[in-house]
There are 2 protein chains.
Amino acid sequence: MATEADVLDRTFHALADPSRRSIVVQLTTGPASVSALAAPLKMSLPAVIQHIEVLQKSGIVYSEKVGRVRTCRLEPAPMQAVEHWIAQHRQVWEGRLDRLGDVLNTTYRRIP
Amino acid sequence: MATEADVLDRTFHALADPSRRSIVVQLTTGPASVSALAAPLKMSLPAVIQHIEVLQKSGIVYSEKVGRVRTCRLEPAPMQAVEHWIAQHRQVWEGRLDRLGDVLNTTYRRIP
DNA sequence: CAAATACTTAAGTAGTTACCTAAGTATTTG
DNA sequence: CAAATACTTAGGTAACTACTTAAGTATTTG
């Protein structure tokens, strides 16, 4: 089974490459074939396929082949996991800053 | 100058490693020294320093040395950039799904 | 001032990544 | 059915990653 950490590892890794992010952005406008995704990228088709595989392993992209055309589309869950992870920790961090004065007061009061 | 794409590249890459994410989580509870960050991790101190360097290059972490102690703390901007990037494209994607019926109608009407 | 502390630097290694070119395999289409 | 299309697989390479151990350098502390 893929743990939550594995999903975050693979999703953050998948999104760490500008070519892969541009594939994701393209897919936000709707499903697309492998060659349609490859068209704007300045690299070989096999290179694009490898990028799509990285996106698929993260779960961000799902694809199905019909005839000779493979159609790719986005899956929301992994991106939501990433967004949730960031939001969660940003909240703690921001909350901590908001209460910095209180924390200092508490700390000073604690010293006997 | 670091472009927006560079910031996203480096921030997504920095967060793609579980040890680095655990350093970030530790830092959400407040600034910490290098050895304090290293303590819960099962690896050598130089390895931890290398992880901190990756976090610093992304801008997620900032550090200052006073005496022989280096204190690390979080910087919010890069994580906000990532959160913004995801939210922005998720919005497009979700909007597209919401209007799927309309789009299909429009497409059919366009055929002469 | 010697010893302990808190990093820091250097150098090496096994594994991964991001490409490439060349040569496939199915699936349409004329 | 021959040719074009849309991938797919295989194999190679240069660069990068995530560690390691060993040997530093400052800075406190007893």
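Rules used in this analysis
Residues numbered from 1 in each chain as written. Chains lettered and ligands numbered in written order. Predicted model: local features only at pLDDT ≥ 70, side-chain atom pairs only at ≥ 80, totals over all residues. Heavy atoms only, no water. Near = heavy atom within 4 Å. Polar contact = N/O pair within 3.5 Å; in protein donor to acceptor, adjacent residues only side chain to side chain. Helix = DSSP H or I, 4+ residues; strand = E, 2+ residues; numbered from the N terminus. Nonpolar A, V, L, I, M, F, W, Y, C, P; charged D, E, K, R; others polar. Core = buried A, V, L, I, M, F, W, Y, C linked by side-chain atoms within 4.5 Å. Buried < 20%, exposed > 50% of the residue type's maximum accessible area, 1.4 Å probe, protein only. Contact = heavy atoms within 4.5 Å. pLDDT = per-residue confidence, 0-100. Least-squares fit on C-alpha atoms with pLDDT ≥ 70 in both. Buried area = accessible area lost by both parts, 1.4 Å probe. Salt bridge = Lys/Arg side-chain N within 4 Å of Asp/Glu carboxyl O.

Undergrad: In this structure, what is going on with the protein's contact with DNA strand D? I would like to understand it.
TA: Of all residues adjacent to DNA strand D, which total 20 residues, the nearest are Ser35(A), Arg70(A), Ser44(B), Gln50(B) and His51(B). Backbone atoms, meaning sugar and phosphate, make up 64% of the atoms of DNA strand D lying within 4 Å of the protein. A distance of 2.8 Å is found between a phosphate oxygen of DNA strand D and a backbone nitrogen or oxygen belonging to Arg70(A). Within the side chain of Gln50(B), a nitrogen or oxygen atom sits 3.1 Å from a base nitrogen of DNA strand D. Elements represented by at least two residues in the surface near DNA strand D include exactly helix H3 (34–38), helix H4 (45–58) and strand E3 (69–74) of chain A together with helix H4 (45–58) of chain B. In terms of residue count, H4(B) provides more of the surface near DNA strand D than any other element does, four residues in total. Counted by class, the surface near DNA strand D contains eight nonpolar, six polar and six charged residues.

Undergrad: Got a minute to help me understand the nonpolar core in this structure?
TA: What tends to happen in soluble globular proteins is that the nonpolar side chains get buried as a cluster. Among the nonpolar cores identified, the biggest contains 51 residues, and Phe12(A), Ile60(A), Phe12(B) and Ile60(B) are the most heavily contacted of them. Looking at which element gives the most residues to this core, the answer is helix H5 (residues 77–98) of chain B, with six residues. Contact partners of Ile60(A), with chain neighbours within four places excluded, come to Thr11(A), Ala14(A), Leu15(A), Val24(A), Leu55(A), Arg73(A), Leu74(A), Glu75(A), Pro78(A) and Met79(A).

Undergrad: Explanation requested: the confidence of the model for chain A in the structure shown.
TA: Per-residue confidence for chain A averages 86 on the pLDDT scale, and 83% of its residues sit at or above 70. Within the model, the stretch residues 101–112 of chain A combines pLDDT values under 50 with zero contacts to residues more than four positions away or in other chains.

Undergrad: What's the story with the relation of the copies chain B and chain A in this structure? I'm lost.
TA: In this structure, two copies of a chain are linked by a rotation about an axis accompanied by a shift along it. Note on the identical chains: chain B maps onto chain A by a rotation of 180° and an axial translation of 0.0 Å, with an RMSD of 0.0 Å. Taken together, the turn and the small shift mark the pair as related by a two-fold rotation axis. Taking C-alpha positions as reference, the residue of chain B nearest the rotation axis is Phe12(B), located at 2.5 Å. Looking at the interface residues of chain B, 97% of them are also at the interface in chain A, so both copies use one shared face.

Undergrad: Is there a simple way to explain the protein's contact with DNA strand C in this structure?
TA: Around DNA strand C there are 21 residues in total, and Ser44(A), Gln50(A), His51(A), Ser35(B) and Arg70(B) lie nearest to it. In the interface set of DNA strand C, defined as its atoms within 4 Å of the protein, sugar plus phosphate atoms amount to 65%. Here a phosphate oxygen of DNA strand C and a side-chain polar atom of Arg20(A) are 3.0 Å apart. Contact between DNA strand C and Arg70(B): a phosphate oxygen at 2.8 Å from a main-chain N or O atom of the residue. Elements that contribute at least two residues to the surface near DNA strand C include exactly H4 of chain A together with helix H3 (34–38), H4 and strand E3 (69–74) of chain B.

Undergrad: Would you mind going over the interface of chain B and chain A with me for this structure?
TA: How big an interface is tends to be stated in terms of the accessible area lost upon association of its parts. Across the contact, 31 residues belong to chain B and 31 residues belong to chain A. Of the roughly 2,700 Å² buried at the junction of chain B and chain A (both faces included), carbon and sulfur atoms supply 69%. Three residues, Arg21(B), Glu83(B) and Trp93(B), lead the burial of chain B against chain A; their summed loss comes to 22% of the area buried on that side. One can count three salt bridges joining chain B with chain A. In this structure, Asp9(A) and Arg21(B) form a salt bridge, with 2.7 Å as the shortest nitrogen-oxygen distance. In this structure, the connection of chain B to chain A is made through five residue pairs in polar contact (both at pLDDT 80 or more). The set of elements that each furnish at least two residues to the side of chain B that touches chain A consists of helix H1 (4–15), helix H2 (18–27) and H5 of chain B. Considering each element in turn, the side of chain B that touches chain A owes the most residues, 12 residues, to H5(B). Taken together, the residues of the side of chain B that touches chain A sort by class into 19 nonpolar, six polar and six charged.

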